[in-house]
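The lines below spell out each chain.
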Amino acid sequence: MSTFKSADEVYTYIGGIFEAATREPAFIEATAGTGLVIKLIQTDPDAVMVIDFPGQKVTTGDAARDMNSTVQLRMSSDNSNRFWQGKLNFTLAMAQRKVKLEGKRSVALKLLPLTAGLFDVYKTLLVGSGREDLLIR
């Protein structure tokens, strides 16, 4: 059973941290000129979002399903939750096929070191929303 109760929760929390990433100066600088648009396809519960770094926006749900992207990322919603708390080794998860990355991999992987700066932001978002149950201890 997933830690998230619905796709709407995935959009609130995982989409929320990606909203923060699209406005984060380090991400803006790292993605400048790359045209990086990530389509994140998650399971359990099923959720789709498109993270448009050049446009600095996140689109979720049905509106995101048919959008084009330069990278497709597939994982469970639980693994997204683990990742944004610093509890999922992305490279190992790719090797174990828990995370699948297609498209301009090098551009997307360049962002990995920057994500650690948002782990506390994500945890604060969960706590501030009364969702301490999503925290991994």
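This is a predicted model, so every value here is computed, not measured.

**Let's talk about a positive patch on the surface**
Right, on to step 1. Together, Arg74, Arg97, Lys100 and Arg105 make up a region of like positive charge exposed at the surface.
Right, on to step 2. Judged by its relative accessible area of 38%, Arg105 falls in the partly exposed class.

**Digging into the nonpolar core**
Among soluble globular proteins, nonpolar side chains are generally buried collectively.
Right, on to step 1. Counting 39 residues, the largest nonpolar core has Ile14, Met49 and Trp84 as the members making the most contacts within it.
Right, on to step 2. When contributions to this core are tallied by element, the ones reaching two or more residues are α1 (7-23), α2 (25-31), β1 (37-43), β2 (47-52), β4 (71-76), α5 (90-95), α6 (105-109) and α8 (119-128).
Right, on to step 3. Ranked by residue count, the leading element in this core is α1, at 8 residues.
Right, on to step 4. Here Trp84 is in contact with Ile14, Ile17, Phe18, Thr115, Leu118, Phe119 and Tyr122, once residues within four sequence places are set aside.

**Quick notes on the packing of aromatic side chains**
Right, on to step 1. Tallied over the full model, the rule gives 7 aromatic pairs.
Right, on to step 2. Seen in terms of ring centroids, Phe83 and Phe119 are 6.0 Å apart; in terms of plane orientation they differ by 85°. Their pairing is edge-to-face. With Phe83 in helix α4 (residues 77-83) and Phe119 in helix α8, this residue pair connects regions lying 36 residues apart in the sequence. Each member of the pair, Phe83 together with Phe119, is buried.
Right, on to step 3. Aromatic pair Trp84 and Phe119: ring centres 6.5 Å apart, planes at 85°, arrangement edge-to-face. A residue pair is termed long-range when its members are at least 10 positions apart, and Trp84 in the loop between α4 and α5 and Phe119 in helix α8 qualify at 35 residues. Taken individually, Trp84 and Phe119 each receive the classification buried, so the pair is uniform in this respect.
Right, on to step 4. Through successive ring pairs, a cluster of aromatic residues spans Phe18, Phe83, Trp84, Phe90 and Phe119.

**Quick word on the side chain of Gln85**
Right, on to step 1. The topology assignment puts Gln85 in the loop between α4 and α5.
Right, on to step 2. Accessibility expressed as a relative area gives 3% for Gln85, which makes it buried.
Right, on to step 3. A polar contact of 3.1 Å, which involves the side chain of Gln85, links it to the side chain of Asn81.
Right, on to step 4. A polar side-chain atom of Gln85 sits 2.9 Å from the main-chain carbonyl oxygen of Leu134.
Right, on to step 5. Setting aside residues up to four positions removed in sequence, Gln85 forms contacts with Phe119, Tyr122, Lys123, Leu126, Leu134, Leu135 and Ile136.

**Re the packing of α1 against α8**
Right, on to step 1. Relative orientation of the contacting elements α1 and α8 amounts to 150°, with a least axis distance of 10 Å. Crossing of α1 against α8: the hand is right-handed. Along the contact surface, α1 presents Thr12, Tyr13, Ile14 and Ile17, while α8 presents Val121, Tyr122, Leu125 and Leu126.

Criteria and thresholds
- Residues numbered from 1 in each chain as written.
- Predicted model: local features only at pLDDT ≥ 70, side-chain atom pairs only at ≥ 80, totals over all residues.
- Heavy atoms only, no water.
- Patch = residues over 30% accessible without salt bridge, like charges linked within 9 Å, V, L, I, M, F, W, Y side chains within 5 Å.
- Areas by Shrake-Rupley, 256 points an atom, 1.4 Å probe, with all protein chains shown as cover.
- Salt bridge = Lys/Arg side-chain N within 4 Å of Asp/Glu carboxyl O.
- Lys, Arg positive; Asp, Glu negative; His and termini not counted.
- Charge placed at Lys NZ, Arg CZ, Asp CG, Glu CD.
- Buried < 20%, exposed > 50% of the residue type's maximum accessible area, 1.4 Å probe, protein only.
- Core = buried A, V, L, I, M, F, W, Y, C linked by side-chain atoms within 4.5 Å.
- Helix = DSSP H or I, 4+ residues; strand = E, 2+ residues; numbered from the N terminus.
- Contact = heavy atoms within 4.5 Å.
- Phe/Tyr/Trp six-rings, centres within 6.5 Å; stacked < 30°, edge-to-face > 60°.
- Polar contact = N/O pair within 3.5 Å; in protein donor to acceptor, adjacent residues only side chain to side chain.
- Axes fitted to C-alpha atoms, helices over the stretch in contact; angles between N-to-C directions.
- Left-handed = near helix turned anticlockwise from the far one by under 90°.

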